[in-house]
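Given next are the chains, with one letter for each unit.
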Amino acid sequence: MDSLDSVVDPLRDFAKDSVRLVKRCHKPDRKEFTKVAFRTAIGFVVMGFVGFFVKLIFIPINNIIVGSA
């Protein structure tokens, strides 16, 4: 019975914590949603530019390394 309790107790605690989390969550209002969406879009754009410039810098370097062989 002890081994069964050692498996069931963490699952029960996880379920209890999950229910508590869902009860505390709320649907964001329009202002909060817009703010989060705008910041996420800015993050995507910044990461896109970083990737573009890294690729832009390393294409000539790669051509020099591969072209000399």
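The structure reproduced in this document is the subject of the present report. Owing to the predicted nature of the structure, the values given are computational and were not obtained by experimental measurement.

1. Quick look at the overall build of the protein
Here comes step 1: Each helix and strand in the protein was counted, giving 2 helices and 0 strands.
Here comes step 2: For 69 residues, the compact-globule formula gives about 11 Å, and the C-alpha radius of gyration of the protein, at 25 Å, lies well above that figure.
Here comes step 3: Its C-alpha atoms give the protein principal-axis dimensions of roughly 70 × 45 × 5 Å.
Here comes step 4: Counting all 69 residues of the protein, 0% fall into the buried class.
Here comes step 5: Carbon and sulfur atoms form 71% of the exposed surface of the protein, whose accessible area is close to 6,800 Å².
Here comes step 6: Counting 11 positive and 7 negative side-chain charges, the protein places the centres of these two groups 16 Å from one another.

2. Some remarks on the pattern of salt bridges
One side chain can pair with another of opposite charge once the charged atoms of both are near each other.
Here comes step 1: Under the counting rule described, the total for this entry stands at 2 salt bridges.
Here comes step 2: Between aspartate 9 and arginine 12 there is a salt bridge; the shortest N-O distance is 3.2 Å. Highlighted residues: aspartate 9 and arginine 12, both in helix α1 (residues 2-24), separated by 3 residues, approximately one helical turn.
Here comes step 3: For aspartate 9, a relative accessible area of 34% translates into the label partly exposed.
Here comes step 4: With a closest N to O distance of 3.2 Å, aspartate 17 and arginine 20 form a salt bridge. Here the residue aspartate 17 and the residue arginine 20 both occupy positions in helix α1, the gap between them amounting to 3 residues, near one helical turn.
Here comes step 5: The class for aspartate 17 is partly exposed, based on a relative accessible area of 41%.
Here comes step 6: When its relative accessible area of 48% is taken as the criterion, arginine 20 is described as partly exposed.

3. A look at the environment of aspartate 13
Here comes step 1: Mapping aspartate 13 onto the fold places it in helix α1.
Here comes step 2: Sequence spacing of aspartate 13 and cysteine 25 is 12 residues, and the spatial spacing of their C-alpha atoms is 19 Å.

Scoring rules and cut-offs
- The residue numbering used here restarts from 1 in each chain and proceeds along that chain's sequence as written.
- Local features in a predicted model are, by the rule used here, given only for residues with pLDDT of at least 70; side-chain atom pairs are given and counted only at 80 or more, and totals for whole chains, interfaces and linings are based on all residues.
- To obtain the side-chain values, all non-hydrogen atoms of the structure were used and water was disregarded.
- Under the scheme used here, helices are H or I runs from DSSP no shorter than 4 residues and strands are E runs no shorter than 2 residues, and both carry numbers assigned from the N terminus.
- To get the radius of gyration, use the C-alpha atoms; to get the globule rule, take the number of residues to the power 0.38 and multiply by 2.2 Å.
- With a 1.4 Å probe rolled over the protein chains alone, any residue whose accessible area is under 20% of its type maximum counts as buried; one over 50% counts as exposed, and the rest are partly exposed.
- Here the open area of atoms and residues is found with the Shrake-Rupley method and a 1.4 Å probe, where only the protein chains shown may cover a residue.
- The charged-residue count follows a simple rule in which Lys and Arg add positive charge and Asp and Glu add negative charge, with His and chain termini not counted at all.
- Every charge is mapped to an atom, namely NZ of Lys, CZ of Arg, CG of Asp or CD of Glu.
- Here, a salt bridge means any side-chain nitrogen of Lys or Arg that lies within 4 Å of a carboxyl oxygen of Asp or Glu.

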